[in-house]
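Overview (structure and organization)
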Amino acid sequence: MPTTSRRPVLIVTRHLPLPVQERAAADFEVVRLDEDRPVPGAELAALAAAHGADGILLTPTERMDKVAIDGLPAGVRAIATFSVGYDHIDLAAARARGLAVFNTPDVVAEATADIAMLVMLGAARRAYEGQRMLRSGGWSGWSPTFMLGTDLAGKRLGLVGFGRIGQATARRARAFGMTIHYHQRRHLDPASLALELRDAVYHDRLDDLVAVADVLSLHCPATPDTIGMIDAERIERLPRGAILVNTARGPLVDDGAAIAALRSGRLQAAGLDVFTGEPAFDPRWADLDNTYLLPHMGTSTVETRAAMGFRALDNLDAFFADGVPRDRLA
């Protein structure tokens, strides 16, 4: 008598791009809420228990702390996050209960680097001020000193974190004539880098990088060691009139210190795609003309969001087929 194998039951917390949803439905028994909204941990646990879930595909809007992870039913064996970042998941708690966790690296680097350059250029060339002036009817004409910004050519770009996104940003910056400096835990062998990045200057101390960065761009995760690292003291170490760029995580920057420096002119400008407490954020950012602000759009392209979903499903498919997933965190 023929037997049929049971497809794993997968909770999908948010509405994903249609091609991703279609593939998920082909590979798994999918459970998804009709309403597209963040799912609190207790509700997610109840949903998993009610449907006998084997896995969960979630996003950074779902906070999986120890309480949430411990509350999941025993049948849940894997979590895939629709993101590179995983600071919304307590990995230690996941390991303690034998829960596999996967993220989606590689596929987001190019789109996020595009946004890093967009906010960098927007900050350097006073793009917000120009847009506001034009749309409000305040443009009175051209003059030799009208809306003077700053060239990127010849400036030193300091990258905090030189992984996939940092390097993709550096490649773009080189095309604008910038010189590349970086800091992370280890110095990379120049031979392992793209040809145009092999002269990048490594700084083993963050304070040394900050001291030479005409533009400081953040590309590292939010951890206990990095939260608040761009504070008043580090901002004071930057060359006067430096530009701050953050497309990584909002809490890396001390909002109060950065806003004060932008108001005083200690910082010339800032380009931000991420904020502490988003979607809420410190309203003082919106009062500054010398900022170029976006609502966390780093991976917001049709191609990248589909690739993220497929990468998450690749990991889950491999896991439930007793294969070797590419991106296991726990």
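As the structure is a computational prediction, the values presented were derived from the model and not from experiment. (Residues numbered from 1 in each chain as written. Predicted model: local features only at pLDDT ≥ 70, side-chain atom pairs only at ≥ 80, totals over all residues. Heavy atoms only, no water.)

By the bridge criterion, four bridges tie strand S1 (residues 9-12) to strand S2 (residues 29-32) in an arrangement that is parallel. Looking at the pairing, Val12 lines up with Arg32 of S2. In this region the chain leaves S1, passes through helix H1 (residues 18-27) and returns to the parallel neighbour S2; the handedness of that crossover is right-handed. (Pairing = 2+ DSSP bridges. Helix = DSSP H or I, 4+ residues; strand = E, 2+ residues; numbered from the N terminus. Right-handed = clockwise from strand over helix to strand, strands pointing away.)

Moving on, we come to the UniProt feature "domain: D-isomer specific 2-hydroxyacid dehydrogenase catalytic" (unreviewed entry) in the protein. Following the UniProt record, one finds the feature "domain: D-isomer specific 2-hydroxyacid dehydrogenase catalytic" (unreviewed entry) at residues 46-328. Here residues 46-328 is 34% helix and 14% strand, with 25 Å between the C-alpha atoms at its ends. (UniProt positions renumbered as here; feature names shortened; annotations may be inferred.)

Leu216, Leu218 and Trp285 are the most contacted members of the largest nonpolar core, which totals 29 residues. Of all the elements in the fold, those that place two or more residues in this core are helix H8 (206-212), strand S9 (215-218), strand S10 (242-246), helix H10 (255-264) and strand S11 (267-272). Here the element with the most residues in this core is H10; it accounts for five residues. The residues touching Leu218, leaving out its near neighbours within four places in the chain, are Val160, Met229, Ile230, Val245, Asn246, Thr247, Ala248, Leu252 and Val253. (Core = buried A, V, L, I, M, F, W, Y, C linked by side-chain atoms within 4.5 Å. Buried < 20%, exposed > 50% of the residue type's maximum accessible area, 1.4 Å probe, protein only. Contact = heavy atoms within 4.5 Å.)

Counted under the stated rule, the structure contains 28 salt bridges. For Asp314, the salt bridge is made with Arg23, and the minimal N-O distance between the two is 2.7 Å. With Asp314 in helix H11 (residues 302-320) and Arg23 in helix H1, the pair connects residues that are 291 residues apart, well separated along the chain. Residue Arg23 is classed as partly exposed on the basis of its relative accessible area of 23%. Note that Arg284 is salt-bridged to Asp282, the shortest N-O span being 2.7 Å. Each of the salt bridges in this network shares a partner with another, and the network as a whole consists of Arg205, Asp207, Asp208, Glu233, Arg234 and Arg237. (Salt bridge = Lys/Arg side-chain N within 4 Å of Asp/Glu carboxyl O.)

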